[in-house]
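Breakdown of the fold
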Amino acid sequence: MLSCSRLVAPKIDWNMLRYVIKRLISTLPVLIGISFLLFFMLRMLPGDPAQVLAGQMATPEEVQNIRHQLGLDRPIFTQYALFLGRLVRFDLGRSARTQNPVIEEVWARLPNTILLAVAAIILACLFGIPAGILSAVRPYTWIDYLVTSMALFGISMPVFWLGLMLVVLFSVILQWLPAGGTGTWKHVILPSITLAAFVVAFIARMTRASMMEALAQDYTTTARSKGLKESVVVVKHALKNALIPIITVVGLQFGLLLGGAVLTETVFAWPGLGRLIVDSILARDYPVIQGAILIFGLLYILVNLMVDLVYAFVDPRIRYD
Amino acid sequence: MKKMAIHIKRILFISLLVMGLGLWSAPSGQGAEVKELRIGIGIDADTLNPQEQTTTLIQNMCDLIYDTLFYQNPEAKLEPRLATRYEMSKDGLTYTIHLRKGVKFSDGTPCDAKAVKLTLDRALDPKMRVPLRFAIAVIKEVKVVDDHTIRLELKYPFAPLAATLSLTICSPISPAAIEKYGEGVREKPVGAGPYILKEWVKGDRIVMVRNENYYGKRPNVAQLTFKIIPDDATREAMLRTGQIDVCYKPLPSNVAALKADPKIRVDMPLDTRTIFMGLNCKKGVTQNKLVRQAFNYAVDKKAICKKILFDTAIPMEGPVSPILFGYHRMAHQYDYNPDKAKELLKKANFDFNQTVSMRTPQGRYLFDKQVSEAVQAYLQAIGVKAELRTYDWPTYIAGLLKPIEQSELEVFLLGWGPLILDADMGLYGQFHSSVNPPKGLGAAHYSNPVYDEAVEATRREQDPKKRLELFKKASEIVWDDCPWIWLHVEKFVIAYSSKVKGMVVTSTEKFYPTYVTMD
C-alpha cells in the first residue's frame, strides 16, 4: 500500500496578492510615461535615421523612400499613436537596421545580460555583506580601514580599466581565463568580477552603516545582556534589522546592472543589451532603442516590486494592506 | 539579325581582362586543411544581403558567401570569378559579360544570366535599400543574351565599369532564395561563394562552413568563425593568448609591439582611404584659395602620421591614395611651413579676429578627434582662432549633406575610401561639381569647370595610358585649388598568428582566408 502524505494547500495571503496585482497594474502608466518621454526625446536628437540607412551617397529621393518605409514622414503624434497601438499588441516593431522584429533582437541578448547581472550581484553580495558586517563589528580598526579603503577603491575605479587589467593578468599573463566571449562558466568570471567591483563597494558601505546603527540599538544591548553569543547577536538580531536598507541597495544596484553594463560588455565581448542599445543609438535605430529601454524599464519596475515583497519577509511588521 | 550583326561589328572586342593568365581560372590554393580559423572583429553584421551593405568588413563576409563577378587583386589586376571575361563596345556604352558555366548557388540553383540580371535589377531598383547604388548607377539596362551572357547598357561611357563589377553590391544572389525568403535573405544568405552561413548568434559570432559545391578549388579552411569582440585591446589580448587566430584592425598604438612579437604577423597595406580636412570653397573664410593653401602649409602631416597615428598612415602627396590607378605624386608639396602659411594669410588679408569653425566626428575614423585637435592646434599656432566641435556620426553626416545655402561647414574632418582601385571614385566622387551636397558628398562644395571637364574626360577615355595623363591633369588642378587640407592615407592593419600562411590582404580593407594553411 502506498503511503500518501496529506497535501495541504498553501495559505494564500490575499492582501499580498492584491498588492502585487495593484503594483503590476500601476506599471502600465509608468511604462506609458517612459514610452512618451523616450519617443519624443529620441526624435529631438539631431541626425536622420533614413540618411544613416541610405548611406552617404544616397539621392534625396532614396532617402525619402526609406523615410517613408520607416513611417518617419508621418506627423510625429501619428507615429507615437501607431507605436502605442503596436505596443498594446506586444509588437515593438522592426529594427530599422536589420529589419528583424525588435523583440527578437532584444531576446537574443537579454539572457546574456540577465546572466551577467545575476552573477555580478551574487558576487557582490557574497563579498560586500560580510565585508560590511566585519567593518561594523570592528569599527575603526585595521579591518574597518581596509574594507573602507577597498570600497573607496571599488567605487572610484573605472570599470573599463579594471576589466582590461583583469584581462592582462588572468588571460594574457596567467592564461587561466578567456579574455572575452561567451559559452562556458569560465567566460562569466572576469566580466562578473568587473561588474561586481563597483557594487561590492556600495553594498559594503551600506551594510557597514546599517549594521553600526543596528548594533547601537537597545535590542542589541538586550541580546548581549541576555548572554547570547556575539555571532548570534550580530547575525540574528543586528543583521536582520539592518537588512532593509541593504536589500534596497542590492535591488537598485541589480536594476542598474541590467542596464548599465555597456563598458563591461564591450571589454569582454559579451553580447548583451547594453551594446545593442549603444549601437542602435549610433545608428538612430529608433525601434530598437525604444524596445530595449522599455524592457529595461519593465525589468527595473519588477525588480523594485520584488524588493518591496522581500521587505515583508524580512520584517514581519511590514504589511501590504 | 542583320542589326545584330552590325552591332556586333561595331563592338570592339577588347580582352581587357586585363590581367594575366589567371584570367580564365577560378581561385585556387593548396595545403593541409585547416579545421577552423577564428577571426576577431569589432562589430556584428546588420545584414548579410550584399546590396544593403556599406561596411567593408561585412562586405568582406558577403564576398565569402556570395563571390563576386570579378575580383580586383591586391595589385589592382582584375581576375575572373563568376564572370570569366567581358567585351566593351567601341563607344564604351555596351559591355558584354560572359559568365562561368556550370556554377550553382549553394542551394543548387544555377548561377546564370537570369540570376545575374535579377541581382543587378534589384540593385538598380530605387525602391530597394541599396546605399552604394551610386557606384553602379551608370548602368541603364541589363539584358540577358543567353544563359551565360549578359549585356549592360550604360548611360554614358564609364571606363572603370569592369572594376566596378568586382564590388560586393554586384554579387549574384540565388533567385530561389529571394523567392523563398524575400528580404529575409539578409539573414539567410545564399550565394555561389566558397562558404555557407552556418550560424549567426547576434552580437557574439558568425560561423561559416565550406561550400562543398563551390565551383573553384576546394576551400582549405573548413570553418570560419567571426567572433565579435568590440574592444580593440581585448581583441588583441585574445590574439596573443591564442583564443583567436586573426585580429581585425588592432589598435594603431600597439602595432609596433605586435610586430615585435614573433608569434604574430602584421600586414598593413596602404588603404584606398584618405583622411582630410574639408574646406568650404563657397562660404566663409575658406572661400579664398590663398587661405586654403595657407592652412595646408600650416599643418605638419608627417608629425600627425607619426605621433598620433603611430605610422599607420602616410601623408597625402596627391589627391588620392597612391595605390589607385590614376594616382600621381604631385610635383609641388605643401610641406609644413608655418611662415609661408602666415605670409599667404597676410596676402589674403585674413582677419585674425574672426573664429574659424571646425567640426569632427568621433570614433568614425582612426583617432579622428585627436587628428582634428592637432589641426586646430596647428591653425592656432599661426594665429588663426579655431573652435572645434565634436559630433556623433549621424549628427555629423546630416550637417555634411546640407545644400550650400544651409551649410554651416567651414573646416571639417572626413574620410573617403574608393571601393575599387581606380582614381575615379576619388577625383570624380569628391571634386566634380555634380557631387556637391545635397546631390553627393563633395562637402567642400568645390566647383571648377576646368576641373570638371578634365575629370569627365577620364571617364570617356578607354586607353589606360591616356587616362593616366588625364588623371594627372585633373589631379594637378585640384591639388593647387586645395579644397581640402590634404592630410593622410590610412593603412589597413590586420594582425594574425604567424602560424597562418597565405592570407590575402587587399588595399580595399578586405582579407581572404579561404586558402590559408597553418603550421
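Analysis parameters
Residues numbered from 1 in each chain as written. Chains lettered and ligands numbered in written order. Predicted model: local features only at pLDDT ≥ 70, side-chain atom pairs only at ≥ 80, totals over all residues. Helix = DSSP H or I, 4+ residues; strand = E, 2+ residues; numbered from the N terminus. Buried ≥ 20, exposed ≤ 12 C-beta atoms within 10 Å, placed from the backbone. Contact = placed C-beta atoms within 7 Å. Rg over C-alpha atoms; globule rule 2.2 N^0.38 Å. Axes fitted to C-alpha atoms, helices over the stretch in contact; angles between N-to-C directions. Parallel < 35°, antiparallel > 145°, perpendicular 65-115°, else oblique. Left-handed = near helix turned anticlockwise from the far one by under 90°. Pairing = 2+ DSSP bridges. Nonpolar A, V, L, I, M, F, W, Y, C, P; charged D, E, K, R; others polar. Domains from an automatic or database assignment. Core = buried A, V, L, I, M, F, W, Y, C linked by C-beta atoms within 7 Å. pLDDT = per-residue confidence, 0-100.

On to the overall build of chain A, then. Counting secondary structure elements, chain A contains 13 helices and zero strands. Principal-axis analysis of the C-alpha atoms places the extent of chain A at approximately 85 × 55 × 55 Å. Expressed as a percentage of its 321 residues, the buried residues of chain A come to 37%. For chain A, the share of sequence-separated contacts (at least 6 apart) that also reach a separation of at least 24 residues comes to 73%.

A separate point is the overall build of chain B. From N to C terminus, chain B includes 15 helices and 23 strands. For 519 residues, the compact-globule formula gives about 24 Å, and the C-alpha radius of gyration of chain B, at 24 Å, lands near that figure. Counting only C-alpha atoms and orienting by the principal axes, one finds that chain B spans roughly 70 × 65 × 40 Å. A total of 519 residues make up chain B; the buried ones form 53% of that total. Intrachain contacts of chain B at a sequence separation of at least 6 include 72% that bridge at least 24 residues.

Residue and element names in this part refer to chain A. Between helix α8 (residues 185–215) and helix α10 (residues 230–259), the least distance of the axes is 8 Å, while the angle of their chain directions is 155°. One element, α8, and the other, α10, form an angle in the roughly antiparallel class. Considering how the two elements wind past one another, α8 and α10 form a crossing that is right-handed. Mapping the contact onto sequence places L195, V199, F202, I203, M206, T207, S210, M211, E213, A214 and L215 in α8 and A238, L239, N241, A242, P245, I246, V249, V250, Q253 and L257 in α10.

All names here are of chain B. Taken together, the four strands give an open sheet; going across it, the order is β4-β5-β7-β6, and neighbouring strands pair in antiparallel fashion. Among the strands making up the open sheet, the edge pair consists of β4 (83–88) and β6 (139–146). Each strand of the sheet is rotated relative to its neighbour by a mean of 20°, with strand direction disregarded. Both β4 and strand β5 (residues 94–99) contribute to a ladder of five bridges, which runs antiparallel. Along β5, the bridge assignment pairs Y86 with I97. Running over the sheet, helix α3 (residues 113–124) touches β5, β6 and β7 (149–154) and is turned about 170° from β6.

Next up on the list: the sheet that holds strand β12 (residues 264–267) of chain B. All names here are of chain B. The sheet built from seven strands is open, its strands ordered β8-β9-β10-β1-β11-β19-β12 with mixed pairing. Strand pairing shows two members of the sheet lacking a second neighbour, β8 (195–201) and β12, which therefore form its edges. Within the sheet, the average angular offset between the axes of one strand and its neighbour, ignoring direction, is 20°. In terms of strand pairing, β12 meets strand β19 (residues 494–497) through four bridges, oriented antiparallel. Along β19, the bridge assignment pairs R265 with Y496. Helix α2 (residues 56–66) rests against β1 (34–41), β8, β9 (205–210), β10 (221–228) and β11 (246–248) of the sheet, and its axis sits at about 135° to β8.

In this complex, chain B contributes 36 residues to the contact, which on the side of chain A involves 42 residues. Of all the elements in the fold, those that place two or more residues in the side of chain B that touches chain A are β10, α6 (232–240) and α12 (393–400) of chain B. Partitioning the side of chain B that touches chain A into residue classes produces 17 nonpolar, eight polar and eleven charged.

Residue and element names in this part refer to chain A. In terms of domain boundaries, chain A breaks down into domain 1 (25–88) and domain 2 (114–314). Placing a centre on the C-alpha atoms of domain 1 and another on those of domain 2 gives a separation of 36 Å. Mapped onto the side of domain 1 that touches domain 2, the elements with two or more residues apiece are α1 (14–44) and α2 (49–54). Class assignment for the residues of the side of domain 1 that touches domain 2 results in nine nonpolar, three polar and no charged.

It is worth spelling out the nonpolar core at this point. In this structure, V199 and I203 of chain A together with I65, M277 and I485 of chain B are the most contacted members of the largest nonpolar core, which totals 221 residues. If you tally residues by element for this core, the top one is α8 of chain A, at 16 residues. Built from parts of two domains, this core gets at least three residues from each of domain 1 (25–88) and domain 2 (114–314) of chain A. Other than its neighbours up to four places away in sequence, I485 of chain B contacts F276, M277, L279, F295, N296, V299 and V375 of chain B.

With that settled, the discussion passes to the pairing of β10 of chain B. Consecutive side chains of a regular strand alternate in pointing toward one face of the sheet and then the other. Residues and elements named next belong to chain B. As paired strands, β1 and β10 are joined by seven bridges and run parallel to one another. Bridge pairing in β10 places E36 opposite Q223. Bridge count for β9 against β10 is five bridges, and the pairing is antiparallel. By the bridge assignment, I206 is partnered in β10 with F226.

Residues and elements named next belong to chain B. As for its placement among the helices and strands, S171 is situated in the loop between α4 (161–164) and α5 (175–181). When the 29 C-beta atoms within 10 Å are taken as the criterion, S171 is described as buried. C-alpha separation for the pair S171 and L388, spaced 217 residues apart in sequence, amounts to 41 Å. The contact partners of S171, leaving out residues within four places of it in the chain, are P50, C62, D63, Y66, D67, T68 and G191.

Residues and elements named next belong to chain A. With 94% of its residues at a pLDDT of at least 70, chain A reaches an overall mean of 86. Summarising per-element confidence for chain A, the mean pLDDT is lowest in α2 (79) and highest in helix α5 (residues 102–137) (93). Segment residues 1–5 is flagged for pLDDT under 50; beyond a separation of four residues in sequence, or across chains, it makes zero contacts in the model.

Residues and elements named next belong to chain B. Considering every residue of chain B, the mean pLDDT works out to 90; 94% of them sit at 70 or more. The low-confidence segment residues 1–25, where pLDDT is below 50, has 33 contacts with residues more than four positions distant or belonging to other chains. Predicted as a complex, the structure gets a pTM of 0.83 and an ipTM equal to 0.74.

This next bit is on the pairing of β8 of chain B. Here β8 of chain B runs beside β9 of chain B; their pairing, made up of six bridges, is antiparallel. Looking at the pairing, Y195 of chain B lines up with R210 of chain B of β9 of chain B.

Residue and element names in this part refer to chain B. Geometrically, the link from P437 to P438 is a cis peptide bond, its omega value of 10° lying close to zero. Tracing the sequence through the fold places P438 in the loop between α13 (424–431) and α14 (449–460). Positioned with a positive phi, D67 is a non-glycine residue whose angle comes to about 70°. Of note, D67 is situated in the loop between α2 and β2 (70–72). The backbone phi angle of H445 is positive, close to 55°, even though this residue is not glycine. Within the fold, H445 resides in the loop between α13 and α14.

So, on to the packing of α14 of chain B against helix α15 (residues 464–481) of chain B. Residues and elements named next belong to chain B. At a minimum axis distance of 8 Å, the contact between α14 and α15 shows a crossing angle of 155°. One way to sum up the angle between α14 and α15 is to call them roughly antiparallel. Relative to α15, the crossing made by α14 is left-handed. Seen from α14, the contacting residues are V450, Y451, A454, V455, A457 and T458; seen from α15, they are R467, L470, F471, K473, A474, I477 and V478. For the contact of α14 with α15, the residue count by class is ten nonpolar, one polar and two charged.

On to the environment of F367 of chain B, then. All names here are of chain B. Here F367 shows up in the loop between β15 (355–361) and α11 (368–381). You can call F367 buried: it has 21 C-beta atoms within 10 Å. A C-alpha to C-alpha distance of 35 Å links F367 and I196, two positions 171 residues apart in sequence. In this structure, F367 is in contact with I308 and L309, ignoring residues within four places of it in sequence.

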